[in-house]
Amino acid sequence: MAAPMLSRGVLRRGRALGAAAGRRSLLSAAYVDSSKWEKRQKEEHSLADLAHLMDRTYERQLPVSSLTIARFVDNISSREEVDQAEYYLYKFRHSPNCWYLRDWTIHSWIRQCLKYDAQDKALYTLKNKVQYGIFPDNFTFNILLDCFIKQNKYEDRDCHWNSLSSSSRALFAEYNAMSVVTEIMLQESFDEFSTQLLSLYVLYQYLATKSEHTWEEERNLGASLLLTGLKQTSTVGFSSQLYGYAFLGKVELNKGLRAVYNLMPLMWTPGYLNRALQVMENVASSSGDSKICKEAIDALETILQSVLEAKPGPESTEEVKELEQKSQCAESEETEQSKAPEYYSRFKELYSKLHSLGKVESESPLTLTTQLVKEKLPACEVEDIAKHEQKLKEWEQEQALLIERERELREKAKQEMEARKLAKASA
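Residues numbered from 1 in each chain as written. Predicted model: local features only at pLDDT ≥ 70, side-chain atom pairs only at ≥ 80, totals over all residues. Heavy atoms only, no water.

Thoughts on the packing of aromatic side chains
The geometry of an aromatic ring pair is captured by two quantities: the separation of the ring centres and the angle between the planes. Overall, the coordinates contain eleven aromatic pairs when judged by the stated rule. With centroids separated by 5.9 Å and ring planes inclined at 70 degrees, the aromatic side chains of Tyr-124 and Tyr-132 adopt a geometry described as edge-to-face. Looking at Tyr-124, the relative accessible area reads 42%, which means it is partly exposed. Here the aromatic rings of Phe-347 and Tyr-351 are separated by 6.2 Å at their centres, their planes lie at 5 degrees, and the arrangement is stacked. (Phe/Tyr/Trp six-rings, centres within 6.5 Å; stacked < 30°, edge-to-face > 60°. Buried < 20%, exposed > 50% of the residue type's maximum accessible area, 1.4 Å probe, protein only.)

Focus on unusual backbone geometry
For residues other than glycine, phi is negative in most cases, and the peptide bonds are mostly trans. For Gln-61, which is not glycine, the phi dihedral falls at a positive 60 degrees. By the element assignment, Gln-61 lies in the loop between helix H4 (47–59) and helix H5 (66–74). (Helix = DSSP H or I, 4+ residues; strand = E, 2+ residues; numbered from the N terminus.)

Concerning the packing of H4 against helix H6 (residues 79–93)
Relative orientation of the contacting elements H4 and H6 amounts to 25 degrees, with a least axis distance of 12 Å. Taken together, H4 and H6 sit at an angle that is classed as roughly parallel. Remark: the crossing between H4 and H6 carries left-handed chirality. Residues Leu-47, Ala-51, Met-54, Asp-55 and Tyr-58 of H4 touch H6, and the partners they reach there are Glu-81, Tyr-88, Lys-91 and Phe-92. For the contact of H4 with H6, a count of residues per class yields six nonpolar, no polar and three charged. (Axes fitted to C-alpha atoms, helices over the stretch in contact; angles between N-to-C directions. Parallel < 35°, antiparallel > 145°, perpendicular 65-115°, else oblique. Left-handed = near helix turned anticlockwise from the far one by under 90°. Contact = heavy atoms within 4.5 Å. Nonpolar A, V, L, I, M, F, W, Y, C, P; charged D, E, K, R; others polar.)

Some words on the side chain of Thr-228
Looking at where Thr-228 falls in the secondary structure, it is placed in helix H13 (residues 215–229). Reaching out from Thr-228, the side chain makes a polar contact with the backbone oxygen of Ser-224 at a distance of 2.7 Å. Aside from chain neighbours lying at most four places away, what touches Thr-228 is Phe-190, Ser-199, Leu-200 and Leu-203. (Polar contact = N/O pair within 3.5 Å; in protein donor to acceptor, adjacent residues only side chain to side chain.)

Re the nonpolar core
Trp-109, Ile-134, Val-180, Leu-242, Met-280, Ile-292 and Leu-300 are the most contacted members of the largest nonpolar core, which totals 104 residues. Excluding anything up to four places from it in sequence, Trp-109 contacts Val-73, Ile-76, Val-82, Ala-85, Glu-86, Leu-89, Lys-121, Ala-122, Thr-125 and Ile-134. Counting seven residues, the second largest nonpolar core, distinct from the first, contains Ala-70, Trp-104, Trp-395 and Leu-402. (Core = buried A, V, L, I, M, F, W, Y, C linked by side-chain atoms within 4.5 Å.)

A few points about the packing of H5 against helix H21 (residues 365–426)
Direction vectors running N to C along H5 and H21 enclose 120 degrees, while the axes themselves pass 11 Å from each other. Between H5 and H21, the interaxial angle falls into the category oblique. Like other packed secondary-structure pairs, H5 and H21 cross with a definite hand, here left-handed. On H21, the residues touching Ser-66, Leu-67, Arg-71 and Asp-74 of H5 are Gln-399, Leu-402, Ile-403 and Glu-406. Here the residues of the contact of H5 with H21 are counted per class, giving three nonpolar, two polar and three charged.

Right under this line is the structure:
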């Protein structure tokens, strides 16, 4: 009963944020506006002609140029053509020129997916980035995140959207937004403060909306919270670090250390719960006014108590025998298990110390993050928009140089062909 009530509270807060800022939810209209992008100098081409050119080029086992795939993406005009573009992005990624997929093509691809209601394709190619070469910049990540954050903007044709309840829609939307945050984490792209704010908002919305998680979800949540938290020295930052280390420590104990760091941007040394306690110690000994949210502290305590209360059954006894035959890595994980009583004792001491110093924040991380978004995001937007407009100019210059180079190469090839014809005729 508590979970649905909490979910409704989360949704009310999410709508309130959008309404208070003129349907901001979360980025402003100026940020996501595509008019400047649409007005840029763009070459008009027939997709059928471009598709024929690329097919013929691949058949001759020759490389397709980055300009050709860019023109194809730029000239998308329907949902069906998004599907065609996905195919050619895949083909290009598996061609000799795969390294030359341009940043503006990636941005254009995401824009086109959002424009033609193909958010599922944007997310699919992002999650399968190695197969499609989709590695967006922060600005592109932000507009995609904002798309999934907005209520009533999430649609998956395979999920019978209209038949879903409002709470189910919210959960589905948060899952998609969470998937984007996971990709930002895997690409280690939490460089911009705006991306950090949006990601933290999604993470805490997701935690409040969904109470049960698989171990993979806990690992992704933990890594995302940790990496965003490390970028900040505020109460939200320290709370995120603690939350992240707690989740990762749980995965380390239950699934082993390798499950934590494998294919993840995380360190491979054991002791994630110990690092969580170190965060508490750092805040307790700091002279600033930063605190740690009680919600994050409670999450760590729950994990520590579950370790202490776990009793080995018949299957666990067999697993212990198997552990004896494993590598040194497995032994370190068993050592972490044995340290649980010590960790819990330290936890109680640190919690008491934080409480006596007035460094336990009663407000939830979601509430604090929402406040932070309201206060800081508008200023971040101004800076981001300025950077993006400068990047647009750089992209236009780079594209113009490539077009000129293409023209020169075609002219040179034409001259060489005519010279060969003359030589053949004279012979």
